[in-house]
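Okay, here's what each chain looks like letter by letter:
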Amino acid sequence: MTDSTIRTHTDEQRAIETDAETETEPTQPTDERERCPECGGNVLNDAEHGETVCDDCGLVVDEGEIDRGPEWRAFNSSEKDEKSRVGAPTTNMMHDQGLSTNIGWQDKDAYGKSLSSRQRQKMQRLRTWNERFRTRDSKERNLKQALGEIDRMASALGLPDNVRETASVIYRRALEEDLLPGRSIEGVATSSLYAAARQAGTPRSLDEITAVSRVEKDEIARTYRYVIRELGLEVQPADPESYVPRFASDLDLSDETERRARNLLKSAKDQEIHSGKSPVGLAAAAVYAAALLTNEKVTQNEVSGVASISEVTIRNRYHELLEAEERASA
């Protein structure tokens, strides 16, 4: 064996040993920012305080960092997908669930300057075509008209967004179940809002609903019974106590008067006086009687105007409530 052969074999063996050592040794991080400049320890990102801190010696390596992540937290993948935001949230209160584009009515550009006459004409044509494309069939036109009515009536009655959302869902179900033939869009929309308000615990009387609706009271009542029966909605009878806070607030009464009115209604329930009587009339009579007991100046005419019922009903019911409280205390 020659010297060159022995030398070549030795070089190959050294190369193999070098490769083995390289595989067993852990690779060192090449990024110096991952190491503390003082002690060489690991650094951690503190997202709460916007700082980069050494885990060993506590040195603040960097501060004032910008958090470019979302403001919400997600604890699993499904929550992260649900909260992923790439636009406005969808809502059932719009016929297209808010997924289409709206062109503003202001004839101004991004800098607030007025558009020229030619540009205004162009924008008006775009708005017209946009509206036509948003309601391409009769179902979408139906939804747009009905949901607009629900939003108008809910605003007039001071109902919250959750009631409007529920009313929109009820109307969509009625449209899918083909309950509208033979009935007006306004009637079904009003009935949906009336049912949603009762389900949410913020009921409005039939007279109040009729005052803001474009249909008659008899049609609302008839359509309401039909809708809840066909859709199988579970609507509990209205509780007179649910009307008390709104009446007391409109009359600017004290918390003591509101609490006394609730107690009067509870006594009436214990003695089953409320059965077969209008919950609105009982609530109005309880508020009036409680105001008399707490020496607050409220007339029957004022309570009648707030509750939309007659003064005769208030007089009859408040006497019954006072008698029920006397029997309960005796």
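Every value quoted in this text rests on a predicted model; they were computed, and no experiment measured them.

Considering the environment of P237
Next up, step 1: Along the chain, the position of P237 falls in the loop between α8 (217-231) and α9 (244-250).
Next up, step 2: Sequence separation between P237 and Q199 is 38 residues, and the spatial gap between their C-alpha atoms is 9.5 Å.

Looking at the pattern of salt bridges
Next up, step 1: As enumerated under the stated definition, the model contains 15 salt bridges in all.
Next up, step 2: Linking R164 and D151 is a salt bridge whose minimum nitrogen-to-oxygen distance equals 2.9 Å. Taken together, the positions of R164 in helix α5 (residues 161-176) and D151 in helix α4 (residues 138-157) put the pair 13 residues apart, joining distant regions of the chain.
Next up, step 3: One network of salt bridges, with partners in common, ties together D239, E241, E258, R262 and K269.

With respect to the pairing of strand β1 (residues 43-46)
Next up, step 1: Pairing geometry for β1 and strand β2 (residues 51-54), over four bridges, is antiparallel. Bridging from a neighbouring strand, V43 pairs with C54 of β2.
Next up, step 2: The turn joining β1 and β2, which pair antiparallel and follow one another in sequence, is formed by four residues; a positive phi near 65° is taken by G50.

Section: the packing of helix α6 (residues 185-199) against α8
Two numbers describe a pair of packed helices, the interaxial angle and the distance between the axes.
Next up, step 1: Direction vectors running N to C along α6 and α8 enclose 70°, while the axes themselves pass 8 Å from each other. Between α6 and α8, the angle is such that the two are roughly perpendicular. Crossing angle aside, the handedness with which α6 passes α8 is right-handed. Taken together, the residues of α8 that come into contact with α6 (itself represented by G187, V188, T190, S191, Y194, A195 and R198) are E219, I220, T223, Y224, V227 and I228.
Next up, step 2: A per-class count over the contact of α6 with α8 returns seven nonpolar, four polar and two charged.

What to know about the state of the cysteines
Next up, step 1: What the rule picks out here adds up to zero disulfides.
Next up, step 2: With no disulfide of its own, C36 lies closest to C54 among cysteine sulfurs, the gap being 3.7 Å.
Next up, step 3: Taking relative accessible area as the criterion, C36 reaches 4% and is therefore assigned buried.
Next up, step 4: Cysteine C54 remains unbridged, with the sulfur of C57 as its closest cysteine sulfur at 3.5 Å.

Quick notes on the nonpolar core
Next up, step 1: Ranked by internal contacts, the top residues of the largest apolar core, which has 36 residues, are I150, L159, I170, Y171, L180, L193 and L231.
Next up, step 2: Mapped onto this core, the elements with two or more residues apiece are α4, α5, α6, α7 (206-212) and α8.
Next up, step 3: Looking at which element gives the most residues to this core, the answer is α6, with eight residues.
Next up, step 4: With sequence-adjacent residues up to four places away left out, L159 is seen in contact with A154, R164, L193, A197, T202 and R204.
Next up, step 5: Listed in part, the 30 residues of the second largest apolar core include A268, A285, V303 and I309.

Reading the values: the criteria
Residues numbered from 1 in each chain as written. Predicted model: local features only at pLDDT ≥ 70, side-chain atom pairs only at ≥ 80, totals over all residues. Heavy atoms only, no water. Helix = DSSP H or I, 4+ residues; strand = E, 2+ residues; numbered from the N terminus. Salt bridge = Lys/Arg side-chain N within 4 Å of Asp/Glu carboxyl O. Pairing = 2+ DSSP bridges. Axes fitted to C-alpha atoms, helices over the stretch in contact; angles between N-to-C directions. Parallel < 35°, antiparallel > 145°, perpendicular 65-115°, else oblique. Left-handed = near helix turned anticlockwise from the far one by under 90°. Contact = heavy atoms within 4.5 Å. Nonpolar A, V, L, I, M, F, W, Y, C, P; charged D, E, K, R; others polar. Disulfide = S-S within 2.5 Å. Buried < 20%, exposed > 50% of the residue type's maximum accessible area, 1.4 Å probe, protein only. Core = buried A, V, L, I, M, F, W, Y, C linked by side-chain atoms within 4.5 Å.

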